[in-house]
Amino acid sequence: MHDGVKCEVVFPTPLPDDPQKWDGWNKYKSTNPYERLCLDAEQNPTNELIEEHCRELLRWWQKKLPLKNQPSNPVAQLLRAGLDESSRYLTEARVELLDPERRKKVDAVLAAEEEQQAIAEFNKVLAFSIADGGLRPEEEKALQRFGAEHGLSEEKVLEFIEAKLKETGTTRIVPEPEVKVETAVAVAPGDTKSEFLRVLQLSGLDGESMTDDQRDALINIAENSGLDPGDAEDMVDEYLEEIDRKQIADITKAKAKPPTPVGRNGTSAVKGSPKVKVVEEPVPAATPKRAVLSPQQERKRYPNYSNSLGGQMFLIPSGEFIMGNPFPDAPPNETPHFRVTVTRFYISRFPITNAHYEAFDPLHKSKRAPATGDRHPVVYVSSLDAMKFCQWLSIRERKKYRLPTEAEWEYAAKGTDGRRYPWGNFDKRGDLANFADKNTSFAWSDRQIDDGYAESAPVGSFPRGASPFGIEDMSGNIWEWCSDFFAQYKHTPKADPHGPPSGTKRVYRGGSWKSRFASLRTTTRSANLPNFSCNDLGFRIVCECES
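Since the model is a prediction, treat every value here as computed from it, not as a measurement.

Student: Is there a simple way to think about the packing of aromatic side chains in this case?
Tutor: Describing an aromatic ring pair means giving the distance of the ring centres and the angle of the ring planes. Within this structure, the stated rule accounts for 27 aromatic pairs. Look at Y305 and Y346: their rings are 5.0 Å apart centre to centre, the planes differ by 85°, and that puts the pair in the edge-to-face class. Of the two residues, Y305 is situated in strand β3 (residues 305-306) and Y346 in strand β7 (residues 345-348); the sequence distance between them amounts to 41 residues. Exposure remark for Y346: the relative accessible area of 7% places this residue in the buried category. Through a chain of ring-to-ring contacts, the aromatic side chains of F122, F146, F160, F442, W444 and W513 assemble into a single cluster. Positioned over the ring face of W60 is K64, at 4.2 Å from the centre of the ring. In this structure, K494 is placed above the aromatic ring of F338, and the distance from its NZ or CZ to the ring centre is 4.0 Å.

Student: How should empty space enclosed by the protein be read in this particular structure?
Tutor: Once rolled over the atoms, a probe with the size of a water molecule shows which space is left empty. Tallied over the full model, the rule gives four cavities of 30 Å³ or more. Volume-wise, the second largest cavity comes out at about 50 Å³. Forming the walls of the second largest cavity are G324, N325, P326, F327, K414, G418, R419, R420, R521, T522 and T523. Residues of the lining of the second largest cavity, tallied by class, amount to two nonpolar, five polar and four charged.

Student: How should the packing of helix α2 (residues 47-64) against helix α4 (residues 82-98) be read in this particular structure?
Tutor: The description of two packed helices rests on the angle between their axes and on the distance between the axes. Look at α2 against α4: their axes get within 10 Å of each other, and the N-to-C directions meet at 175°. Taken together, the axes of α2 and α4 lie roughly antiparallel to each other. Of α4, the residues touching α2 (which contributes N47, I50, E51, C54, L57, L58, W61 and K64) are G82, L83, S86, S87, L90, R94, L97 and L98. Grouping the amino acids of the contact of α2 with α4 by side-chain chemistry returns nine nonpolar, four polar and three charged.

What counts and what doesn't
Residues numbered from 1 in each chain as written. Predicted model: local features only at pLDDT ≥ 70, side-chain atom pairs only at ≥ 80, totals over all residues. Heavy atoms only, no water. Phe/Tyr/Trp six-rings, centres within 6.5 Å; stacked < 30°, edge-to-face > 60°. Helix = DSSP H or I, 4+ residues; strand = E, 2+ residues; numbered from the N terminus. Buried < 20%, exposed > 50% of the residue type's maximum accessible area, 1.4 Å probe, protein only. Lys NZ or Arg CZ within 6 Å of the ring centre and 35° of its normal. 1 Å grid on protein atoms, 1.4 Å probe; cavity = no way out; pocket = protein on both sides within 12 Å on 5 of 7 lines; lining within 4 Å. Points joined across faces, edges and corners; volume = space filled by probe spheres on them. Nonpolar A, V, L, I, M, F, W, Y, C, P; charged D, E, K, R; others polar. Axes fitted to C-alpha atoms, helices over the stretch in contact; angles between N-to-C directions. Parallel < 35°, antiparallel > 145°, perpendicular 65-115°, else oblique. Contact = heavy atoms within 4.5 Å.

Encoded structure:
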């Protein structure tokens, strides 16, 4: 730390000739002069080190100058303006850092910017902490730790918390006294079976509606809870038999009405019974139903395609899945889980990139996160910005583009087998997603794993983390806006559900490069104001299938 200024170092020695093997060259235009010269402000670089870095970078760029005469060369297209501008920006950074007075001013400005960023990040974490309507003691302690790690005083953190509670009308939650007996009972095998039976009852499935995929998902849930798979199979069979017996009994009871005695003349034999003229109700004409297509037929009729920006759109065929988190440790905003039917739709294979978004809004280029290129996911976009992009693309192509609903997003991410992550149920690997690993400096960063990126990664960098439908980057890298306003789940089966028609916060899903690995679940939810934007929040798009 140097006067509160942080700077990430990317300066391999010797500097690779290939610009795609390091991204330090791309920092030449950064507003932070330390970053321009690939210096670490925390190490308080000496004048000699400043001179050395500037000299090496100028030499690297000078070797690339012949590319100016090769405009079709891919490397020339990658470096573009830097071939003309880099020497000026690098020299300016050198002058600023070598002058003690100017360097002191630079450090003060960067320290102020870092404090503002820390406050913004703290407010975001604070909003997450009270999203379920209360602030728990453990969450408040975590907020204090987060603030301290980001250079915020305890008094300032408490001031922010009190102001937020007053603004939102949220209260602190006083925990109930812990009952140790309950803890002991919770690990009993019988209780595991009771919990799995509760999951079966909440599923709302019966012998006719339960598919093989849903059955397998339920068995996986039982196994993850510590129940023997064979016992779980028996419990599912017993549950379905009991449901079927109840349904048959209800049908039999409804049909078994006692017959009315009939006299010789055909009238009722019951005294005092009024004569009732029986009028047969006309049977309504059958409403023609839309032909139901199998997933294979849907894929044949609605093939994948590329939109006018070059973005790949993949078909998600119609299907059923369990939405929400069925596991015992599920957070409150991910429960209860319930059955959902989803009608086919297209979804973009990757999040919308800088290049694609800037075809709509060229001015956004000035908002790009530092050192991000055309193929990085767009960030610093609100949900309103994302919706305007969808409207623009819809008019451009005469198709119906929009943000995905929460149900569509989760179905595209998890498929029908109840998996915890898009790639399955295994975790703790750096080749599956971009999350808070050893390259980040958060309190929750996993120091044992290296996913290769300190912040966002170009889309498609983690193909092994694709969902069952081949959709990539759904977990990690950046959060993704959905169209739904936030609401707590309700346990009722739904078809193509949408969130409430209005609300104060809009949902986003998927986790980001700032998230811990466990938060990359397909069921993880978060929300913020519709006009909110930050450096780890973007979106992907859906296109409706034509009838």
